[in-house]
Amino acid sequence: MQNKRKLKKKFILIIGIILLSIGTYLWSTLVSPTSFELNHQTFIHSSIPEGFDNFKIAFFSDLDLQTEKDLDYLEKCITKMNEAKCDMAIFGGDLFEGNQIFSEDRVVSILKSINVTQGKLAVLGENEIKGKTDHCIEILEKSGFEVLRNKAHYVYANEDRIVLAGLENSSQLDSLLSADMPQHFILSVIHQPDYFTEIQKSSSLLQLSGHSAGGIIQIPFMGGMIHFDGSKTYTSG
């Protein structure tokens, strides 16, 4: 009798593992790649000037485009982004998967359709840096983005200003700042989030990064399950 109970428990456990594996596979291959929602985060800090009250930044990253279906999906995402009426758009890197560039005119047309009032900025990811860097920069610039490669400059709103620094696999933020920049609120953008370990020691008060894909698979109370180089410490948040 006890052997039967043990077998039954093992059988139920095995079935549960199989169902969980199937569910995870179906979610990651069929549901997750085609699901999209805007994640709204509010950041409050005393050094942000009044002119930037309710200033909206649309940050998106890691498009990893591979097929025309990806472009169809991107169009839907951009439409939803435009509905949010953001002031600025920032792209966090990795435009094409493996830098296999395709349908360049259509990609430019879709990215051009991003409608913001205070400009579009971008940093590069490892796909661009390791591959067709100049070509990807050209595509982004044709799409209306200014590409920041280890560069800091001012962003203006209602006669107030903050500093935005676009970094590229480098944590040497303070060396990019002009003499008066540390007096202002500094927002840093870098593709890989684990640079926060160093950036938090600098003058930057907020960092935006992509790369981690949220750990690919999120399990409650455990977080992301897959950690890439550059996002082993910070997978989401």
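In what follows, the structure referred to is the one given above.
The text that follows walks through the structure, step by step, so that each part is easy to find. (Residues numbered from 1 in each chain as written. Predicted model: local features only at pLDDT ≥ 70, side-chain atom pairs only at ≥ 80, totals over all residues. Heavy atoms only, no water.)

1. Some remarks on the sheet that holds strand S6 (residues 160–166)
Strand order in the open sheet made by the four strands is S5-S6-S7-S8, with mixed pairing throughout. Of all strands in the sheet, those with a lone pairing partner are strand S5 (151–157) and strand S8 (206–208), marking the two edges. For this sheet, the mean angle separating the axes of adjacent strands, direction not counted, is 25°. (Pairing = 2+ DSSP bridges. Helix = DSSP H or I, 4+ residues; strand = E, 2+ residues; numbered from the N terminus. Axes fitted to C-alpha atoms, helices over the stretch in contact; angles between N-to-C directions.)

2. Side note on the pairing of strand S7 (residues 186–189)
Regular strands have side chains that alternate between both faces of the sheet. Here S7 shows no split at all, with Ile 186 and Ser 188 on one side and Leu 187 and Val 189 on the other all buried. Across four bridges, the pairing between S6 and S7 is parallel. Paired with Gly 166 across the bridge in S7 is Val 189. Taken together, the three bridges between S7 and S8 define a ladder with parallel strand orientation. By the bridge assignment, Ser 188 is partnered in S8 with Gln 207. (Buried < 20%, exposed > 50% of the residue type's maximum accessible area, 1.4 Å probe, protein only.)

3. Points about the side chain of Glu 126
Within the fold, Glu 126 resides in helix H4 (residues 126–130). A distance of 2.9 Å separates a polar atom in the side chain of Glu 126 from a polar atom in the side chain of His 191. (Polar contact = N/O pair within 3.5 Å; in protein donor to acceptor, adjacent residues only side chain to side chain.)

4. Some words on the sheet that holds strand S2 (residues 88–91)
Strand pairing within a sheet occurs via backbone hydrogen bonds; the two strands may be parallel or antiparallel. With parallel pairing, four strands are arranged side by side in an open sheet as S1-S2-S3-S4. Edge positions in the sheet fall to strand S1 (57–60) and strand S4 (145–147), since each has one partner strand and no second. Sheet twist, expressed as the mean angle between neighbouring strand axes with direction ignored, is 20°. Here strand S3 (residues 120–122) pairs with S4 via three bridges, running parallel. Bridge pairing in S4 places Leu 121 opposite Glu 146.

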